[in-house]
Amino acid sequence: MSDNETLNRDKLLLELMTHVYEEDESRNELVDSKNRQMIILSGVCFLMKDTIKI
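The paragraphs below set out a description of the structure included in this document. (Residues numbered from 1 in each chain as written. Predicted model: local features only at pLDDT ≥ 70, side-chain atom pairs only at ≥ 80, totals over all residues. Heavy atoms only, no water.)

## Observations regarding the overall build of the protein chain
Alright, step 1. When its secondary structure is counted, the protein chain shows 1 helix and 0 strands.
Alright, step 2. For a compact globule of 54 residues, the expected C-alpha radius of gyration is about 10 Å, and the protein chain comes in at 23 Å, more than 25% above that figure.
Alright, step 3. For the protein chain, the C-alpha atoms occupy an extent of roughly 75 × 10 × 5 Å along the three principal directions.
Alright, step 4. Residues counted as buried form 0% of the 54 residues belonging to the protein chain.
Alright, step 5. When the accessible surface of the protein chain is summed, it comes to about 5200 Å², and 63% of that surface belongs to carbon and sulfur atoms. (Helix = DSSP H or I, 4+ residues; strand = E, 2+ residues; numbered from the N terminus. Rg over C-alpha atoms; globule rule 2.2 N^0.38 Å. Buried < 20%, exposed > 50% of the residue type's maximum accessible area, 1.4 Å probe, protein only. Areas by Shrake-Rupley, 256 points an atom, 1.4 Å probe, with all protein chains shown as cover.)

Given below as structure tokens:
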């Protein structure tokens, strides 16, 4: 395999790894956002429960 072929292969592999990393990062940010929303909702529910004394 020539140096040029190796370089092109390595560039392609790097692009694929970068794409997968960015997809994972985006998915993790979405999960973090949903987790924060659920924590806030839980806090509001507990506050309402204590306030209303259900």
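## Regarding the environment of methionine 17
Alright, step 1. With respect to the helices, strands and loops of the structure, methionine 17 is situated in helix α1 (residues 3-52).
Alright, step 2. A relative accessible area of 53% places methionine 17 in the exposed class.
Alright, step 3. Between the C-alpha atom of methionine 17 and that of glutamate 5, which follows or precedes it by 12 residues, the distance is 18 Å.

## Brief notes about a nonpolar patch on the surface
Alright, step 1. Nonpolar side chains collect at one region of the surface, where Leu12, Leu13, Leu14, Leu16 and Met17 lie side by side and expose about 500 Å² of accessible area between them.
Alright, step 2. Its location among the elements puts leucine 13 in helix α1. (Patch = residues over 30% accessible without salt bridge, like charges linked within 9 Å, V, L, I, M, F, W, Y side chains within 5 Å. Salt bridge = Lys/Arg side-chain N within 4 Å of Asp/Glu carboxyl O.)

It is worth stressing that arrangement in space is one thing and function is another; only the former is reported here.
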